[in-house]
Amino acid sequence: MSDLRKQLRGKRQKLSSEDRQKKSLRILTHLTRYLPFVRGHSLGLYASTPEEVDTAPLLSLAHGMEKAIYLPVVNQSGFRKDPMLFARYLPDVTRLKQNRFGILEPDVPIGECIRAAELPLLCIPMVGFNQTCDRIGMGAGYYDRSLAIRGFRKPHLVGLAFVCQKANFEPATHDVPMNAVITEEGVLLRVKSGQRLR
């Protein structure tokens, strides 16, 4: 999987800044028409890195729609078993800091964070995805481990990715599948018995 991850990251990195912005805005348009997003009053997002789907316009839009936004925080405190928690984010109010992976996250005490299971909708970055909405992440497993904790319901999971990140692969047993993946071409829904993709 490491070779495929490297290959897919390479494809994503080859996108020009202009192309990435155009595709990101198309993804945002599809997301705003996606019913779980429209109906949700709160959601988990992420502060994107330069090679990922740009979430800056999405953060602004969700805030303007008066949705409660939560961003992931890597739990290094030893307090609570969740490897990753989520903190409330308010543009121009919440201070962000770089975590050990160089990703921006809210600079708040872990005790003020909530679990992923407390969010109705969670938008997740991905390195790759397949036709059945399985996800390849960066390899550290923070999302998978946070969502695999027993005794809690999972939020509705939506992966955000570019079409060039699609690949054929079999997921690992510990991988948590997405309910949908949204690309610049539209919404790919996870296939269940008797369902089709739209």
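Residues numbered from 1 in each chain as written. Predicted model: local features only at pLDDT ≥ 70, side-chain atom pairs only at ≥ 80, totals over all residues. Heavy atoms only, no water.

A.B. asks: Honestly, the overall build of the protein in this entry has me stumped. Any pointers?
C.D. replies: What the protein contains, in helices and strands, is five helices and 11 strands. For a compact globule of 198 residues, the expected C-alpha radius of gyration is about 16 Å, and the protein comes in at 16 Å, within 12% of that figure. If one aligns the C-alpha atoms of the protein with their principal axes, the spans along those axes are about 40 × 35 × 35 Å. Going through the 198 residues of the protein one by one, you find that 49% of them count as buried. Intrachain contacts of the protein at a sequence separation of at least 6 include 67% that bridge at least 24 residues. Approximately 10,500 Å² of the protein is accessible, and the part contributed by carbon and sulfur atoms is 50%. (Helix = DSSP H or I, 4+ residues; strand = E, 2+ residues; numbered from the N terminus. Rg over C-alpha atoms; globule rule 2.2 N^0.38 Å. Buried < 20%, exposed > 50% of the residue type's maximum accessible area, 1.4 Å probe, protein only. Contact = heavy atoms within 4.5 Å. Areas by Shrake-Rupley, 256 points an atom, 1.4 Å probe, with all protein chains shown as cover.)

A.B. asks: Sorry if this is basic, but what is going on with the packing of aromatic side chains here?
C.D. replies: For any pair of aromatic rings, geometry is given as the distance between the ring centres together with the angle between the planes. Taken as a whole and judged by the stated rule, the model has one aromatic pair. Geometrically, the ring pair formed by F101 and Y142 is edge-to-face, given 5.6 Å between the ring centres and 70° between the ring planes. Note that F101 is positioned in the loop between β4 (96-98) and β5 (104-106) and Y142 in helix α5 (residues 142-147), a separation of 41 residues in sequence. The class for Y142 is buried, based on a relative accessible area of 13%. The ring centre of F37 lies 4.8 Å from the NZ or CZ of K67, which sits over that ring. The positively charged end of R145 is found above the aromatic ring belonging to Y142, 4.9 Å away from the centroid. (Phe/Tyr/Trp six-rings, centres within 6.5 Å; stacked < 30°, edge-to-face > 60°. Lys NZ or Arg CZ within 6 Å of the ring centre and 35° of its normal.)

A.B. asks: Even after reading the chapter, I still don't get the confidence of the model for the protein, so can you show me in this structure?
C.D. replies: Summary statistics for the protein give a mean pLDDT of 91 and a share of 93% for residues scoring 70 or more. Within the protein, strand β10 (residues 180-183) carries the highest mean pLDDT (98), whereas α5 carries the lowest (88). This stretch, residues 193-198, has a pLDDT under 50; its non-local contacts, to residues over four places away or in other chains, come to eight contacts. (pLDDT = per-residue confidence, 0-100.)

A.B. asks: What is the right way to look at the side chain of R12 in this model?
C.D. replies: Relative to the helices and strands, R12 is located in helix α1 (residues 2-13). Not counting chain neighbours up to four residues away, the residues in contact with R12 comprise R20, E51, E52, M126, V127, M138, F162, C164 and Q165.

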